[in-house]
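# Breakdown of the fold
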Amino acid sequence: MNPALLGLVPAFPLFGAILIALLNRKASRVVAGGIATLMVSMSAALSFWTLATLWSSHGALESLHHRLYEWISVGGVQVDIAFLADPLTAVMMCVVTGVGALIHLYSVGYMDDPADAQSTWRFFAYLNLFVFAMLLLIMGDNFLLMFVGWEGVGLCSYLLIGFWYKNTDFAKAGKKAFITNRVGDFSFLIGLFMLFWALGDQATLSFVELKGTLVAQPELVGGHGGTLVTAIALLLFGGATGKSAQIPLFVWLPDAMAGPTPVSALIHAATMVTSGIYMISRLSFLFAMAPVAMGVIATVGALTALFAATIAMTQTDIKKVLAYSTVSQLGYMFLGVGVGAFTAGFFHVVTHAFFKALLFLGAGAVIHAMHHEQDMRKMGGLLSKMKITGGTMLVAWLAIIGFPGTSGFFSKDEILWLTFAADPAQLALFGPEFPLPKLLWIIGAITAAMTAFYMSRLVFMTFFGAHRGGHGHDDGHGHHDDAHGHGHGHTPHEVSPLMWAPLAVLALLSLGGGLLNLPHWIHVEGLTGALHHFLEPVFAAAPMSFDGADSSLELPLMGLTLLMILTSVFIAWYLYVRNPGDLVQTKDELVPDLLYRGSLHKWWVDELYEATLIKPIVLVSRQVLWAVVDAELVDGAVNGAAKAMRRISEVYGELAQTGRVQTYAMVLAAGTAVIVFAFAVGG
Amino acid sequence: MDQVGLYPVLFTSAVLFTIGAVGVLTRRNALIVLMSIELMLNAVNLAFVGFARHLGQVDGHVFAVFVMAVAAAEAAVGLALVLLLFRHKATVDLENFTLLKG
Amino acid sequence: MLQAVIFYTLAIAAVIAGVVVVTRRNPISAALALVVAFFFQAALYVLLDAHFVAVTQVLVYAGAIMVLFVFVIMLLNLRGDQGAALPQPSARAQVGLAVAGLVGTGLVTSLDALRRVDMGPAAEGFGTIQQVGGLIFDGTYLLPFEVASVLLTVAMVGAVVLAKREI
């Protein structure tokens, strides 16, 4: 493949976005959606070609690189608009464009609400723009281009969360996502500045050059384990916590569900939120030099996974459950990259993209069929009415709980085992002797069991048992079904092929995604550890060891996890299918009230932030920054200057404002004389 | 021209520029003001050419040619404007035009 | 020595022609003086080895621009007070004279540092059309050159639109 074709990959969606924006209202849902889907599909074709080229070279071809033009050249630093496609990028490109194309196709069917007919073009233009920004983020060969993409996806996320901006809550959710991300971006930028500053004469923004410099001269950033490199790694990770919704910046993601469901699937499950993991994988050579930072990443990831899972247990909004589940799964990925299992973490990015996109799209289909009802308590028994959607959702459910054989099983299990086996010295958060890996494994295993419980709860409440909705359908979302054009009452129905076809493809991928990277105990020539071998050159500069545990423990531990998962599924089945009537009583008997309410209210994190951060900031902004600094000082200076000018003008105007051109020329000449004399005197 | 240095050339240029400035600032006839502007532009050209000769680089000549192009454009538009002014008030005396007053 | 004599003669002549331009009441006289000034300057350019600029000066200024001036003067049919001296300068004109004088003084003062700068012999082929053309078209000034052509087109269109009564 000619590397020059790399430039076309982001160009297609950009072109699509511009084209749709130019057509605007003239483009109907089908036209706009058709253009958008076509553009992303073309990018996807090129991405698969890139992947095939790299894969079939068996390591002979390290990467494809194409330099479009020189962007900035200052002193010794040169920044190009250039694209780099190494194995890591190629896999990510395929996920973004492949899953992206399916979601675009699905959206054509999903966005058929007549109330949105005037604005669907906006939706597809944003969606294409997002794919463009995401491709910049992953394909940029330097920090600056990555940062442009990084901010671009944030912008598109904001625009799409607030797509129904007439609903103030939705618009606020968009703002919350954007501002929370800004906090992370700020940290990311400072980390970047520090890295740049530390390199001094050798400063570069290109990833390839940076890798070479740091491998050759680790002393530039303080050497292995140095304070400087730890600080840089932690600051960069701070950026990742914003974009990838980790503690403490995860609060925006659940609210981001205000956007249309395909947006949640594409941006807030499959692609954008994984960019933090992508960034750490891309900079693995840097992070590997900072064991303390790695310990922090793994710990934050594990805690986020657990924390989000506890919240997901009690949520009743189907999308909120999925949102917290996403936060939790992202925590797994950070756990993976944190312990140094970059391939495992990234493998989970890929499989998660498949099954979580499927779950969101399936949930979208359910919501669509239920006429914008998102409360699971009003669903139930939908499997008989929506066989295809229900069937694919069951596949996704098996994948996310880690049922043996599905994609999620392999990726999750690999992360857990490598966490257990990681060398404690690599995670020197509490000293090299502390058995942090074992502790993290326990958290991870418990989270896996909780995941199995809440996902089973979701599936059972939605698809099994008796249908609880359909009567007195209270229309809280302002979309009345009479306007919906389906002509029948409140009974849910199967969605159109345009929507279930992507579901079917994603279901196949969720089932078979594990074949990408089979574990070593299933030996199939060419498939065992395939992704691992493919990505090996990318992570070669970040050697990690996983001999902290006896390898004979691997299968028993897996069995243990599996047992916990199956138990959770059984409990969920017992509570929600077998005896749904006793639910409230069982809950009251078994679960302490504080725990239940804590989970239901998301552990009051939003309230905590509101009280400790937002209120004081708003107060200081209102009382000091606005009332004093802005109104008094800034406005005073500005208005004072204007008033002074007015006084001067009143006097001067009489004299010079004659309206004759020569008077003005004279003032001009006098000014020139002053400058000329300044030259004459100053030399 | 080994005998004459850079100074006499620039001095001549400065004098011509000043004469042009006097014309622009004191004359009331719009046409003569325009001519004075041409005189100023020419004075600048002379300085360009002098410096080009001094530095041994013909870049100054290229600049002089660009100045001429701009002067030609300016003269064309300026004279068209004078024509319009004359149609408006049947005079080209700048004392009669106070349109710039706010 | 001979060159110096020629230079000073031409320079003084150019300055005198310039003074005549700004002191005539009749625009036609001023225009004719301006042509003379342009010619003397063209001669100065030749002395400074700026052959191409000299030719362009005669073609563009003395040829095209002056014709335009004279044409407009004729078109307006202005009747200057032939032969009469300029009236006593108004207050504003006096201020203008002072300001222009200031600019001139400043310019001359700032030139002081260059008093002793000599010019060596010019290199072979300096200032020829070949050299200037090469500099323009080898890419160094290609874009400004093309922009200048656009500017001239715009000016031409603008002049036509402004001056024509009806289009």
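Nothing here was measured: the structure is a model prediction, and the numbers come from that model. (Residues numbered from 1 in each chain as written. Chains lettered and ligands numbered in written order. Predicted model: local features only at pLDDT ≥ 70, side-chain atom pairs only at ≥ 80, totals over all residues. Heavy atoms only, no water.)

## Thoughts on helix α1 (residues 8–23) of chain A
All names here are of chain A. Given a rise of 1.5 Å per residue, 16 residues ought to cover 22 Å, and the 22 Å separating the end C-alpha atoms of α1 matches this to within 8%. Within α1, the full set of buried residues consists of V9, P10, F12, P13, G16, A17 and I20. The buried residues of α1 occupy one face: seen down the axis, they fall within an arc of 155 degrees. The inward-facing, buried residues of α1 contact α2 (29–56), β2 (77–85), α3 (87–110) and α4 (120–139). Positive backbone phi, approximately 30 degrees, marks N24, located one or two places after α1. (Helix = DSSP H or I, 4+ residues; strand = E, 2+ residues; numbered from the N terminus. Expected span 1.5 Å × (residues − 1). Buried < 20%, exposed > 50% of the residue type's maximum accessible area, 1.4 Å probe, protein only. Arc of directions from axis to C-beta. Contact = heavy atoms within 4.5 Å.)

## Some details on the confidence of the model for chain A
In this model, chain A carries a mean pLDDT of 88, and residues with pLDDT of at least 70 account for 97%. Here residues 471–489 of chain A scores under 50 on pLDDT; set against residues more than four positions off or in separate chains, the count is 25 contacts. (pLDDT = per-residue confidence, 0-100.)

## Thoughts on the packing of aromatic side chains
Under the criterion given, the structure shown has 29 aromatic pairs over all chains. Consider the rings of F570 of chain A and W573 of chain A, whose centres lie 5.8 Å apart with planes at 35 degrees: the pair is tilted. With F570 of chain A and W573 of chain A both in helix α21 (residues 554–578) and three residues apart, the pair spans about one turn of that helix. W573 of chain A sits in the partly exposed class, given a relative accessible area of 34%. Ring plane angle 65 degrees and centroid distance 6.4 Å describe the contact between F66 of chain B and Y141 of chain C, whose orientation is recorded as edge-to-face. (Phe/Tyr/Trp six-rings, centres within 6.5 Å; stacked < 30°, edge-to-face > 60°.)

## Topic: the packing of helix α1 (residues 2–23) of chain C against helix α2 (residues 27–47) of chain C
All names here are of chain C. One can describe the packing of α1 onto α2 by two numbers: an axis separation of 8 Å at closest approach and a directional angle of 155 degrees. As the angle between them shows, α1 and α2 are arranged roughly antiparallel. In the packing of α1 onto α2, the handedness of the crossing is left-handed. Together, Q3, I6, F7, L10, A11, A13, A14, A17, G18, V20 and V21 of α1 and A30, A33, L34, V36, A37, F40, A43, L44 and L47 of α2 make up the contact between the two elements. Classifying every residue of the contact of α1 with α2 gives 18 nonpolar, two polar and no charged. (Axes fitted to C-alpha atoms, helices over the stretch in contact; angles between N-to-C directions. Parallel < 35°, antiparallel > 145°, perpendicular 65-115°, else oblique. Left-handed = near helix turned anticlockwise from the far one by under 90°. Nonpolar A, V, L, I, M, F, W, Y, C, P; charged D, E, K, R; others polar.)

## Observations concerning the interface of chain C and chain B
Facing 81 residues of chain C, the contacting portion of chain B comprises 72 residues. Buried area between chain C and chain B, both sides added, is near 6800 Å², and the carbon and sulfur share of it is 78%. The three residues of chain C that bury the most area against chain B are V22, F69 and M119 of chain C, which together make up 11% of that side's buried surface. The interface formed by chain C and chain B holds two salt bridges in total. When the shortest N-O distance is used, the salt bridge between E95 of chain B and R92 of chain C registers 2.3 Å. Where chain C packs against chain B, one counts eight residue pairs in polar contact (both at pLDDT 80 or more). (Buried area = accessible area lost by both parts, 1.4 Å probe. Salt bridge = Lys/Arg side-chain N within 4 Å of Asp/Glu carboxyl O. Polar contact = N/O pair within 3.5 Å; in protein donor to acceptor, adjacent residues only side chain to side chain.)

## Some thoughts on the pattern of salt bridges
All names here are of chain A. Applying the stated criterion to the full structure yields 14 salt bridges over all chains. Here D185 ties to R182 by a salt bridge, and the two come within 3.4 Å at their closest N and O atoms. Of this pair, D185 and R182 both sit in helix α6 (residues 168–199), three residues apart, which is roughly one turn of that helix. Note that E650 is salt-bridged to R646, the shortest N-O span being 3.9 Å. You can see E650 and its partner R646 sitting in helix α24 (residues 605–656), four residues apart, about one turn around the helix. Ionic contacts of the salt-bridge type, sharing partners, join the residues E151, R182 and D185 into one network.

## Some points on the side chain of S568 of chain A
Residue and element names in this part refer to chain A. Tracing the chain through its elements places S568 in helix α21. When its relative accessible area of 10% is taken as the criterion, S568 is described as buried. Of note is the side chain of S568, whose polar atom sits 2.9 Å from the backbone oxygen of A449. Residues in contact with S568, not counting those within four places in the same chain, are A449, A452 and F453.

## Some words on the interface of chain B and chain A
On the chain A side, the residues contacting the 14 residues of chain B number ten residues. Note on chain B versus chain A: buried area summed over both sides is about 890 Å², and carbon and sulfur give 58% of it. Of all residues in chain B, L25, L100 and K101 of chain B bury the most surface against chain A, accounting for 53% of the area lost on that side. On the surface where chain B and chain A come into contact, there are one salt bridge. E95 of chain B is the salt-bridge partner of R660 of chain A, the closest N and O atoms lying 3.4 Å from each other. Seen at the junction of chain B and chain A, the total is three residue pairs in polar contact (both at pLDDT 80 or more). Among the elements that take part in the side of chain B that touches chain A, helix α1 (residues 6–26) of chain B stands out by supplying four residues, more than any other. Of the residues belonging to the side of chain B that touches chain A, the class tally is seven nonpolar, three polar and four charged.

## Some words on the confidence of the model for chain C
For chain C, per-residue confidence averages 86 on the pLDDT scale, and 92% of positions sit at 70 or higher. Interface confidence for the predicted complex, expressed as ipTM, amounts to 0.90; the pTM equals 0.72.

## Brief notes about a nonpolar patch on the surface
There is a patch of nonpolar side chains on the surface, built from V620, V624, L625, V628, V629, L633, V634 and V638 of chain A and spanning about 630 Å² of accessible area. One can find L633 of chain A in helix α24. (Patch = residues over 30% accessible without salt bridge, like charges linked within 9 Å, V, L, I, M, F, W, Y side chains within 5 Å. Areas by Shrake-Rupley, 256 points an atom, 1.4 Å probe, with all protein chains shown as cover.)

## Some words on unusual backbone geometry
All names here are of chain A. Residues I247 and P248 are joined by a peptide bond in cis, for which omega reads 5 degrees. Even without being glycine, H371 reaches a positive phi, approximately 55 degrees. Here H371 lies in the loop between α15 (342–369) and α16 (387–401). At W603, a position not held by glycine, the phi torsion is positive, near 55 degrees. Classification of W603 by relative accessible area gives partly exposed; the value is 26%.

## Considerations on the pairing of strand β1 (residues 64–74) of chain A
The two faces of a sheet get side chains in turn, since along a regular strand they alternate between them. All names here are of chain A. The pairing of β1 with β2 spans nine bridges and is classified as antiparallel. Pairing of Y69 across the sheet is with I81, part of β2. Between β1 and β2, which pair antiparallel one after the other, the connecting turn spans two residues, and G75 there sits at a positive phi close to 55 degrees. (Pairing = 2+ DSSP bridges.)

## Details of the domain arrangement of chain C
Residue and element names in this part refer to chain C. The domain architecture assigned to chain C consists of domain 1 (1–79) and domain 2 (126–167). Centre-to-centre separation of domain 1 and domain 2, based on C-alpha positions: 22 Å. Overall, the association of domain 1 and domain 2 removes approximately 360 Å² of surface from exposure, summing both partners, and the carbon and sulfur fraction of that is 73%. Along the contact surface separating domain 1 from domain 2 lie zero salt bridges. The interface formed by domain 1 and domain 2 holds one residue pair in polar contact (both at pLDDT 80 or more) in total. (Domains from an automatic or database assignment.)

## Some details on the packing of α16 of chain A against helix α18 (residues 436–463) of chain A
Geometry of a packed helix pair, given as the angle between the helix axes and the separation of the axes. Residues and elements named next belong to chain A. Relative to each other, α16 and α18 sit at 170 degrees, their axes nearing to 9 Å. Classified by the angle between their axes, α16 and α18 sit roughly antiparallel to one another. Facing G390, M393, L394, W397, I400 and I401 of α16, the residues of α18 in contact are T451, A452, M455, S456, L458, V459, F460 and F463. Here the residues of the contact of α16 with α18 are counted per class, giving eleven nonpolar, three polar and no charged.

## As for the nonpolar core
With 213 residues, the main nonpolar core has I138 and L283 of chain A as its most contacted residues. Among the elements that make up this core, the one with the highest residue count is α15 of chain A (19 residues). Membership of the second largest hydrophobic core comes to 69 residues, among which are I19 and A21 of chain B together with A31 and V53 of chain C. (Core = buried A, V, L, I, M, F, W, Y, C linked by side-chain atoms within 4.5 Å.)

## Some words on the environment of W55 of chain A
All names here are of chain A. With respect to the helices, strands and loops of the structure, W55 is situated in helix α2. C-alpha of W55 to C-alpha of A90: the two residues are 35 residues apart in sequence and 9.4 Å apart in space. Setting aside residues up to four positions removed in sequence, W55 forms contacts with A530, L531 and F534.

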